[in-house]
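Results of the structural survey
So you can see what is in the structure, the chains are spelled out below.
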Amino acid sequence: MTRLVLDTNVCLDLFVFKDPRWLPIIAALENQSIKAVTSEECRNEWLAVLHYAHLPITEETRAEFIKRFDHTITIENPIALPIILPRCTDKDDQKFLEIARDAKLEVLVTKDKALLKLARKTRSLGLFNIMTPTAFLQTLIPAEM
């Protein structure tokens, strides 16, 4: 089973906007063929983002999004491993690299350009892959040959 972390923007696409392109990711999470992991710090970012005024979220839907997130994604707070990670230019995104490293995850799914730029470095360190949702979907549903 693939273990992964989803960044906040991907979670917004999955839970708030229900982007139909990512339905196979939700299906894989629900049938437990993949497992999403997060940290308390990443979850706190999720909770803060759900209060952004520009998002189409009411008190009622916010509670639903939190419940769905908590039902779908497991919080782990592992001890930090002594492996030096590349530095993300957006310091707020470093926490996603840290949970991927510390929980020994296989994939970080993101649309964030600053994180995606680090994909080669994390792979070369033998850590985890950093992929867009589209690239990750290709691992779930290999192209017909």
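Residues numbered from 1 in each chain as written. Predicted model: local features only at pLDDT ≥ 70, side-chain atom pairs only at ≥ 80, totals over all residues. Heavy atoms only, no water.

Observations concerning the nonpolar core
Just so we agree on the cut-off: Here the nonpolar core consists of buried residues drawn from Ala, Val, Leu, Ile, Met, Phe, Trp, Tyr and Cys, with membership extended through side-chain atoms lying within 4.5 Å. Whether a residue is buried, partly exposed or exposed follows from its accessible area with a 1.4 Å probe, protein chains only, as a fraction of its type maximum: under 20%, in between, or over 50%, in that order. Numbering of helices and strands runs from the N terminus, with a helix taken as a DSSP run of H or I at least four residues long and a strand as a DSSP run of E at least two residues long. Every residue pair with non-hydrogen atoms within 4.5 Å of one another is taken to be in contact.
Ranked by size, the top nonpolar core spans 28 residues in total, and within it L4, L6, L14, F15, I25, W46 and F136 carry the most contacts. Where this core is concerned, the elements lending two or more residues are strand 1 (2-6), helix 1 (8-16), helix 2 (23-30), strand 2 (34-38), helix 3 (40-49), helix 4 (59-72), strand 4 (107-109) and helix 8 (133-140). Of all the elements, helix 1 adds the most residues to this core, at 6 residues. Once residues within four sequence positions are removed from consideration, L6 is found in contact with C11, L14, L29, A36, I73, F96 and V109. Judged by nonpolar contacts, the second largest core, of 18 residues, contains C42, F96, L97 and L115.

Quick notes on the side chain of Q94
We count it as follows: Here a polar contact is taken to be a pair of N or O atoms separated by no more than 3.5 Å, where protein atoms must pair a possible hydrogen donor with a possible acceptor and residues adjacent in sequence count only if both atoms sit in side chains.
Within the secondary structure, Q94 is located in helix 5 (residues 94-102). In terms of polar contacts, Q94 uses its side chain to reach the backbone amide nitrogen of C88, at 2.8 Å. When residues no more than four places from it in sequence are discounted, the contact partners of Q94 are L85, P86, R87 and C88.

As for helix 3
Threshold: Our arc is simply the arc of the directions from the helix axis toward the C-beta atoms.
When we look at burial in helix 3, the residues that qualify are C42, R43, W46 and V49. For helix 3, the buried positions fall inside an angular range of 120° around the axis, keeping them on one side. Residues of helix 3 that are buried sit in contact with helix 1, strand 2, helix 4, strand 3 (73-75) and helix 5.

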